[in-house]
Amino acid sequence: GSDSIQIPFADLLYIETSYIAHKLVLYSTRERIEFYGELSEIVKQEPRLFQCHRSFVVNPYNISSIQRLERKVYLKKRFILSSIKAKSYCSKRSS
């Protein structure tokens, strides 16, 4: 529809749930976009995304490194995911 968001997949860093019910926040290399939706639907529409937590999906193609001891995931463009999210991501990726 006219309310759909179109960004190049390569620019997508991650999407997380907002503190506002049913609202998501998309982070790209260029911008931050808030919109209404469900993470489960996003993952169904775009299977390249990796859901590492129930409130979080990441574009694995934009990960530059994973520091397991620091429990941080470094994304391209100097974005750093929080410890909780990184811990979840690392444990899922290594299993």
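This one's a predicted model, so the numbers in the text were calculated from it and none came from an experiment.

1. What to know about the pairing of strand β3 (residues 32-36)
So, step 1. Across the two faces of β3 the burial differs, with I33 and F35 buried and R32, E34 and Y36 not buried at all.
So, step 2. Alignment of strand β2 (residues 23-28) against β3, held across 5 bridges, turns out to be antiparallel. Looking at β3, one finds that V25 is bridged to E34.

2. Side note on the sheet that holds strand β4 (residues 50-53)
So, step 1. Read from one edge to the other, the open sheet built from 5 strands follows the order β3-β2-β1-β5-β4, with strand pairing classed as antiparallel. Looking at strand neighbours, the two that pair on one side only are β3 and β4, the edges of this open sheet. Direction aside, the axes of adjacent strands within the sheet are offset by 25 degrees on average.

3. Digging into a nonpolar patch on the surface
So, step 1. Among the surface-exposed residues, Y19, I20 and Y36 lie close enough to one another that they form a single nonpolar patch of about 430 Å² accessible area.
So, step 2. Residue classification places I20 among the partly exposed positions, given a relative accessible area of 31%.

4. Some points on the packing of aromatic side chains
Ring pairs (aromatic) are described by centroid distance and by the angle formed between their planes.
So, step 1. Enumeration over the complete set of coordinates arrives at 3 aromatic pairs.
So, step 2. Ring centres of Y14 and Y27 lie 4.6 Å apart, and the angle between their planes is 25 degrees; on these two criteria the pair is classed as stacked. Taken together, the residues span a long stretch of sequence, with Y14 in strand β1 (residues 12-17) and Y27 in strand β2 at a distance of 13 residues. As far as burial versus exposure is concerned, Y14 and Y27 are alike and both buried.
So, step 3. Aromatic rings pair up to connect Y14, Y27 and F56 into one cluster.
So, step 4. Over the aromatic face of F9 sits the side chain of R48, whose NZ or CZ is 3.7 Å from the ring centroid.

What counts and how
Residues numbered from 1 in each chain as written. Predicted model: local features only at pLDDT ≥ 70, side-chain atom pairs only at ≥ 80, totals over all residues. Heavy atoms only, no water. Buried < 20%, exposed > 50% of the residue type's maximum accessible area, 1.4 Å probe, protein only. Helix = DSSP H or I, 4+ residues; strand = E, 2+ residues; numbered from the N terminus. Pairing = 2+ DSSP bridges. Axes fitted to C-alpha atoms, helices over the stretch in contact; angles between N-to-C directions. Patch = residues over 30% accessible without salt bridge, like charges linked within 9 Å, V, L, I, M, F, W, Y side chains within 5 Å. Areas by Shrake-Rupley, 256 points an atom, 1.4 Å probe, with all protein chains shown as cover. Salt bridge = Lys/Arg side-chain N within 4 Å of Asp/Glu carboxyl O. Phe/Tyr/Trp six-rings, centres within 6.5 Å; stacked < 30°, edge-to-face > 60°. Lys NZ or Arg CZ within 6 Å of the ring centre and 35° of its normal.

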